[in-house]
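# Close look at the chain arrangement
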Amino acid sequence: MTEKLTPARVRFAPSPTGFLHLGGLRTALFDWLYARHTGGQFILRIEDTDQKRYNPDSVEFLMRGLRWLGLDWDEGPDIGGPYAPYVQSERKPIYRQYAEQLVASGHAYKCYTPVEEWEEASPEEAEAEPVAGSRKPYDRRDRFVPAEQQAALEAQGRPYAIRFAAPLDGTTTVDDLLRGEITWKNNTLVDAVLLKTDGMPTYHLAMVVDDYLMKITHVLRGEEWLPSSPIHKLLFDAFGWPMPQMVHLPVILNPNGKGKMSKRKQVVDGKEYLALVHEFIEAGYLPEAVFNFLTNVGWNFDAEREVFTKEEAIARFELRDITPKPAALPYAKLEWLNGVYIRNLSPNELHLRLTPVLSKQLGIDEETLRHSEQLSELAPLIQERIKLLTEAAQFVDWAFVPAEAIQPEPKLLIDKKLNVEQTLAVLTAGIEVLMQTETFNVKTLEVAFRTQAEKMGIKVGPFLTSFRVAITGKTISPPLFESMVVLGRDETILRLRNAMKILQAYALQTV
RNA sequence: GCCACGUUCGUCUAGCGGUCAGGACAUCGCCCUCUCAAGGCGAAGAUCGCGGGUUCAAAUCCCGCACGUGGUACCA
């Protein structure tokens, strides 16, 4: 473990087109883990070269998501760094310079043919069976135009794109850390556009130039980039630059295991599966749990251990241990893990985390909740009952409303083993007990109620049902006596009396 | 179509030539119990995609096939 590591420079380079997706967050997480593991740098770079898909709010979403998970960056658009700027649109002139350099060296050429022109199907092609998902590849018509014609076009000052002149024969080999060496025949490669007509670079050029300029040592990116990596390799070669170590991460599949995880919520078998980071936040997931969860898909901490801290993960994280196998996210495990992390919180901390969530759900301002005595008593009681922060409301809402708001169905008040008369008798006896106990605490209440139940010959379970429902309005609640204490003697009795009224009305009605 | 990658319990995974193929979640029992949880104990669950090799020995190495996935854009 004390082996000397070369600090890595790793970047997360999302394109700002919308919300941050869990797949993107996973890539960032692995980037970050490796940077931290080696004591290197984690760099945030914004790849906004597609002006059509650009979404101005997106960068903020991205950064918020990363911060939420605890992934801090050492260089980035907001904090700068030695290789600023970290937003590609702000680096526009750099790319043209490098593209022109490749034209000069014969590795690239100017393309005057607009897309629509060569994509147009010839009559024979129009008749042929269309192949699903395929486009007509560019035919390189601009690559071999005679010099005079080239000069003429140039003289006209027509707009052009710059395309890479891929070698027509031979092979190109890329070394992927997870898959080993992968070789492509060069005649299967296309002449990719490097600089678009609008002067913006495509990903291919921007990525190669920036990764070189920013001294990136390891590129972790989605598997969907694997097919274009020979182009990237060829570009690095053309510039005479070393290629960073490539690591193509397996894609994350949809919950049903079919297809790449979609960017919106999925409903499978009536269950909703979230996809966007802000949705997980809103749903009440803890960042620690999501961190632990995501770290364990595609990589694993230990054969026998699933729960671990950030620090432990950093210490063990190795790129070579990542599996190249695509996987669906095990959502059920995430829920379980979230429960584990909720139970590990101190009651105080839980109270704090619950505050904003409950504020929204119960319509009580945060300040009041933060200082709420009831909530601080309730927090430890619900800790082992909730898997998501958002589930707390259903366990505690009754404590924050007036007695009149509790209007349970009469049928709920009556335990299945009892009838109306018995229930009424139980409640009467309970009120009596409550009025007579000297100290209003859990211990005394429990003893007194148990004694009373025994006296009336009713088992404790059924005996307590009506109290639970009378106080909370529901059959499922935090422990009963603790709940009574939260409410206090007067409020508890008030609620029991209300319940008796409901029952009495019900009794008359059914007779 | 072409190119590439992948394939171990339902799911996430361990495994790197000799293991009763291990763990976790989910599922199902039982225990505990004031409801619901949590917790404890236990069960079930993978002939390691298929077919061939290599080897005394293969989930592990090699070849073929099947299936899945990704890519095939002046999107990333």
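Along each chain, the written sequence defines residue order, and numbers are assigned to residues from 1. Chains carry letters from A onward and ligands carry numbers from 1 onward, assigned in written order. Since the coordinates come from a predicted model, pLDDT governs what is reported: local features require at least 70, and pairs of side-chain atoms require 80 or more to be given and counted, while whole-chain, interface and lining totals use all residues. Only hydrogens and water are set aside; all other atoms, that is, all heavy atoms of the structure, feed into the side-chain values.

### Some details on the overall build of chain A
What counts is decided by this rule: Numbered from the N terminus, helices here are DSSP runs of H or I no shorter than four residues, and strands are runs of E no shorter than two. Note on contacts: a residue pair is in contact if any heavy atoms of the two residues lie within 4.5 Å. The method behind every accessible area is Shrake-Rupley, applied with a 1.4 Å probe, and residues are considered shielded solely by the protein chains displayed. Residues scored as positive are Lys and Arg, those scored as negative are Asp and Glu, and His as well as the terminal groups of each chain are ignored. A charged residue contributes its charge at one atom only: NZ of Lys, CZ of Arg, CG of Asp or CD of Glu.
A count of helices and strands for chain A gives 22 helices and 13 strands. Considering only C-alpha atoms, chain A reaches an extent of 110 × 60 × 40 Å along its principal axes. Within chain A, contacts between residues at least 6 apart in sequence are counted, and of these 74% link residues at least 24 apart. As displayed, chain A offers around 25100 Å² of accessible surface, 53% of which is attributable to carbon and sulfur atoms. Each charge class in chain A was averaged separately, 58 positive and 69 negative side chains, and the resulting centres sit 2 Å apart.

### Focus on the nonpolar core
For soluble globular proteins, the rule of thumb is that nonpolar side chains tend to be buried together. Quick note on the threshold: The nonpolar core is taken to be a set of buried Ala, Val, Leu, Ile, Met, Phe, Trp, Tyr and Cys residues, with the residues joined through side-chain atoms within 4.5 Å. Each residue is assigned to one of three classes by its accessible area relative to the maximum for its type, calculated with a 1.4 Å probe on protein chains only: buried under 20%, partly exposed between the two thresholds, exposed over 50%.
Counting 116 residues, the largest nonpolar core has Leu 71, Phe 449, Phe 467 and Met 484 as the members making the most contacts within it. Looking at this core, the element that brings in the most residues is helix 1 (residues 22–38), giving nine residues. Membership of the second largest hydrophobic core comes to 38 residues, among which are Ile 162, Leu 194, Tyr 203 and Val 209.

### Some points on the pairing of strand 4 (residues 161–164)
Quick note on the threshold: When DSSP finds at least two bridges between two strands, those strands are taken to pair.
Every second residue of strand 4 is oriented toward a common face, with Ala 161 and Arg 163 on one face and Ile 162 and Phe 164 on the other, all of them buried. Strand direction decides the pairing type here: strand 3 (residues 108–111) and strand 4, joined by four bridges, are antiparallel. Residue pairing for strand 4: Tyr 109 is matched across the bridge by Arg 163. Two strands pair when backbone bridges link them, and strand 4 and strand 7 (residues 193–195) are joined in this way by two bridges, in the antiparallel orientation. Its bridge partner lying in strand 7, Ile 162 is registered against Leu 195.

### Considering the packing of aromatic side chains
Formally: When the centres of two rings from Phe, Tyr and Trp lie within 6.5 Å, Trp using its six-membered ring, the rings pair. Their planes under 30 degrees apart give stacked, over 60 give edge-to-face, and anything left gives tilted. Our definition puts a charge over a ring when NZ of Lys or CZ of Arg is within 6 Å of the ring centre and also within 35 degrees of the ring normal.
Scanning the entire structure with this criterion turns up 19 aromatic pairs. The interplanar angle of 15° and the centroid separation of 4.5 Å between the aromatic rings of Phe 301 and Phe 308 together place this pair among those described as stacked. You'll find Phe 301 and Phe 308 in the same group, each marked buried. Feature note: the residues Phe 30, Trp 299, Phe 301, Phe 308 and Phe 317 constitute an aromatic cluster, connected by ring pairs. Of note, Arg 163 hangs over the ring of Tyr 138, and the distance from its end group to the ring centre comes to 3.6 Å. Residue placement shows Arg 316 over the ring face of Phe 301; its charged tip is 4.1 Å from the ring centre.

### A few points about the pattern of salt bridges
Applicable threshold: Here, a salt bridge means any Lys or Arg side-chain nitrogen found within 4 Å of an Asp or Glu carboxyl oxygen.
All chains considered together, the criterion is met by 28 salt bridges. The salt bridge involving Arg 370 is made with Glu 367; its shortest N-O contact spans 3.0 Å. Of the two residues, Arg 370 and Glu 367 both sit in helix 14 (residues 366–370), three residues apart, roughly one turn of that helix. Note on Arg 370: relative accessible area 34%, which makes it partly exposed. Residue class for Glu 367 comes out partly exposed when judged on its relative accessible area of 42%. Put simply, Arg 495 and Glu 491 hold a salt bridge, and the shortest N to O gap is 2.8 Å. On the criterion of helical spacing, the pair formed by Arg 495 and Glu 491 is a turn pair, its members being four residues apart in helix 22 (residues 489–510). One salt-bridge network, held together by shared partners, links Arg 11, Arg 45, Glu 47, Arg 91, Asp 210 and Asp 211.

### Overview of the sheet that holds strand 7
What links the strands of a sheet is backbone hydrogen bonding, and the strands pair in either a parallel or an antiparallel sense. Filter applied, for reference: Orientation is described by axes fitted as lines to C-alpha atoms, over the contacting stretch for helices, and by angles from 0 to 180 degrees between their N-to-C directions.
The strand order 3-4-7 describes an open sheet built from three strands, whose pairing is antiparallel. A single partner strand is all that each edge strand has here, and the edge strands are strand 3 and strand 7. Ignoring strand direction, the axes of neighbouring strands in this sheet form an average angle of 40°.

### Remarks on the pairing of strand 6 (residues 180–185)
Strand residues, when the strand is regular, have side chains that alternate between the two faces of the sheet. As defined by bridge partners, strand 5 (residues 171–176) adjoins strand 6 across six bridges and the pair is classed as antiparallel. Among the inter-strand pairings, Thr 172 is bridged to a residue of strand 6, identified as Trp 184.

### Some thoughts on the domain arrangement of chain A
We apply this condition: Segment limits for the domains were obtained from an automatic or database-derived domain assignment.
Its domain assignment divides chain A into domain 1 (9–86 + 253–333), domain 2 (88–249), domain 3 (345–400) and domain 4 (403–509). Centre-to-centre separation of domain 2 and domain 4, based on C-alpha positions: 75 Å.

### Observations regarding the protein's contact with RNA strand B
Stated formally: Here a residue is considered near a molecule or strand provided that any single heavy atom belonging to it is located within 4 Å of it. Side-chain atoms alone can form a polar contact between residues adjacent in sequence; in general such a contact is a pair of N or O atoms within 3.5 Å, and within protein one must be able to donate a hydrogen while the other accepts it.
In the vicinity of RNA strand B lie 68 residues, with Lys 196, Thr 197, Glu 384, Arg 385 and Arg 450 positioned nearest. Taking all atoms of RNA strand B within 4 Å of the protein, the share assigned to sugar and phosphate is 68%. For RNA strand B, a sugar or linking oxygen lies 3.1 Å from a polar atom in the side chain of Arg 53. A distance of 3.2 Å separates a phosphate oxygen of RNA strand B from a polar side-chain atom of Arg 163. Those elements that place two or more of their residues in the surface near RNA strand B are helix 4 (115–119), strand 4, strand 6, strand 13 (327–328), helix 12 (331–344), helix 20 (460–472) and helix 21 (480–487).

### Some points on the packing of helix 3 (residues 92–104) against helix 8 (residues 229–239)
Formally: Put simply, angles under 35 degrees are roughly parallel, angles over 145 are roughly antiparallel, angles from 65 to 115 are roughly perpendicular, and the rest are oblique. When residues are sorted by character, Ala, Val, Leu, Ile, Met, Phe, Trp, Tyr, Cys and Pro go into the nonpolar class, Asp, Glu, Lys and Arg into the charged class, and all the rest, Gly among them, into the polar class.
Put simply, helix 3 and helix 8 touch, their axes get as near as 11 Å, and they point 80° apart. In terms of orientation, helix 3 lies roughly perpendicular with respect to helix 8. Contact with helix 3, carried on its side by Tyr 98, Gln 101 and Leu 102, involves Leu 235, Ala 238 and Phe 239 of helix 8 and no other residues of that element. Taken together, the residues of the contact of helix 3 with helix 8 break down into five nonpolar, one polar and no charged.

### Concerning the confidence of the model for chain A
Our working rule: Confidence scores labelled pLDDT are given residue by residue by the predictor and lie between 0 and 100.
Confidence along chain A averages 93 in pLDDT terms, with 95% of residues attaining 70 or more. For this predicted complex, the interface confidence score (ipTM) comes to 0.95, while the overall pTM stands at 0.95.

### What about helix 20?
For clarity, the threshold we go by: In this analysis, the expected span of each helix is defined as 1.5 Å times one less than the number of residues it contains.
With 13 residues, helix 20 should cover 18 Å at 1.5 Å per step; its first-to-last C-alpha distance of 18 Å lies within 8% of that length. Of all 13 residues in helix 20, ten are buried; the element is thus mostly enclosed. Listing the buried residues of helix 20 in full gives Pro 462, Phe 463, Leu 464, Thr 465, Ser 466, Phe 467, Val 469, Ala 470, Ile 471 and Thr 472. Where helix 20 is buried, its residues contact helix 17 (410–413), helix 18 (420–436), helix 19 (442–455), helix 21 and helix 22. Looking one or two residues beyond helix 20, the residue adopting positive phi is Gly 473, at roughly 80°.

### Structural notes on the environment of Lys 455
Of note, Lys 455 is situated in helix 19. Considering only alpha carbons, one finds Lys 455 and Glu 373, 82 residues apart in sequence, at a separation of 35 Å.

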